[in-house]
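Next come the chains, spelled out residue by residue.
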Amino acid sequence: MRSSYYLKNREKEKARKKKYYLENPEKVKARGKKYRRENAEKIKARKKKYYLENREKEKAYKKKYYLENPEKEKARGKKYRRENAEKIRARDKKYNLENREKISARGKKYRRENAEKIRARDKKYNLENREKISARRKKWSLENPEKVKARSLKYYHENAEKLNAKHKKYSLENPEKIKALSLKYYHENAEKIKAYQKKYNLENPEKIKAQRKKYSLENPGKIREAQLKRRGYGEVKKGVVNRVIDANIFKYGSITCERCKKQCPGLSDYHIDHILPVSKGGSHEFDNLQILCAYHNFSKHVDIADYRGEKIIEPQGNLFN
Ligand SMILES: [Zn+2]
């Protein structure tokens, strides 16, 4: 408590002190320093108490000051952070470790409440930094092949249904692209694929049998069509027509005319054509058979024309099932 004398003579006292300070600056400074050193705890406690009791006032004051001196404040903040980088890092780390739950909850809440904003911000950032992001990803992938593999496996495992549906939709909408991709892939890996299929077929006879049976049950129309064809051709070996159909599907993604390269949408819309006509000694073997649309089968008559292009490739084993 200040004395009533002081209260009554405030201005006079202030002036006296100022005069003394101006005349004895070193002395005053040393005294202040000594006092602060000897009473550090007390000062700290007093400051804390004051701050707790006047939190709103202090906040308002700081805000006002910051608004009036933004550059100064910024510079001070920067300087402080530069000089105390280690301290700040340690403090942040400690805080993060002690408040993990709180921070996580806060982040979740923020993301929930600002989903739109975050999405827009991310999109903008991604668009503006496409090159950078792609380079960073590439670098990371090259440095972490095992992680990439594990992640991709995990992702596929968890999203198998979704991915399959997506892939199916894409295939249906982009038959040309799929055809090109499949051809390219097969062309580049023919030996490897053949060896793999052979090995697989030898190791999984029961599986192959079951798959073929399942396939037959699920495609009765196609099987019936093949049976009709076979009946018409008399001595065609069992399975040859199916092989021709399978090879065609493998090549194009769905049954497609070898001449016009158009898809044959219905079961009766395609024909098994003898490249060298039977009347001219053509066989019923795989190599002499191709698929043509109804129009081109009828318009071909008895010409000898192989429209299949490069050597026809036969799928084996589990490529489609
Ligand atoms: Zn055609």
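Residues numbered from 1 in each chain as written. Predicted model: local features only at pLDDT ≥ 70, side-chain atom pairs only at ≥ 80, totals over all residues.

1. Examining the overall build of the chain
Per the secondary structure count, the chain includes 17 helices and two strands. The 321 residues of the chain split such that 7% are buried. Once local pairs closer than 6 in sequence are excluded, the contacts in the chain between residues at least 24 apart make up 57%. (Helix = DSSP H or I, 4+ residues; strand = E, 2+ residues; numbered from the N terminus. Buried ≥ 20, exposed ≤ 12 C-beta atoms within 10 Å, placed from the backbone. Contact = placed C-beta atoms within 7 Å.)

2. Some thoughts on helix α6 (residues 70–83)
Since the α-helix advances by 3.6 residues per turn, residues separated by three or four positions end up pointing in the same direction. Look at α6: 20 Å from first C-alpha to last across 14 residues, which is about the 20 Å you get at 1.5 Å a residue. Taking burial as the measure, the 14 residues of α6 include zero buried ones, a minor fraction of the element. (Expected span 1.5 Å × (residues − 1).)

3. Quick look at unusual backbone geometry
Its identity as a non-glycine residue notwithstanding, K261 has a phi of 60°, on the positive side. By the secondary structure assignment, K261 is in the loop between α16 (240–252) and β1 (270–274). On the basis of neighbour counts, which here come to 13 C-beta atoms within 10 Å, the residue K261 falls in the partly exposed class.

4. What about helix α2 (residues 10–23)?
With 14 residues, α2 extends 20 Å between its outermost C-alpha atoms, agreeing within 8% with the 20 Å of an ideal straight helix rising 1.5 Å per residue. Of all 14 residues making up α2, only zero are buried, and the element is barely covered by its neighbours.

5. A few points about the nonpolar core
The biggest cluster of nonpolar side chains holds twelve residues, and these are V240, V241, V244, I245, C257, C264, Y270, I272, L289, I291, L292 and C293. Of all the secondary-structure elements, those providing two or more residues to this core are α16, β1 and β2 (289–293). In this view, C293 contacts C257, C260, K262, C264, D269 and Y270; residues no more than four positions away in its chain are not counted. (Core = buried A, V, L, I, M, F, W, Y, C linked by C-beta atoms within 7 Å.)

6. A word on the pairing of β2
Along β2, five of the five residues are buried, which leaves the element largely enclosed by surrounding structure. Side chains of β2 alternate between two faces, with L289, I291 and C293 and Q290 and L292 buried alike. Across five bridges, the pairing between β1 and β2 is antiparallel. Looking across to β2, one finds that Y270 is bridged to C293. (Pairing = 2+ DSSP bridges.)

7. Things to note about the confidence of the model for the chain
Here the chain averages 82 in pLDDT, and 87% of its residues register 70 or above. Across the chain, element-level confidence peaks in helix α9 (residues 115–128) with a mean pLDDT of 93 and bottoms out in helix α15 (residues 220–232) with 55. (pLDDT = per-residue confidence, 0-100.)

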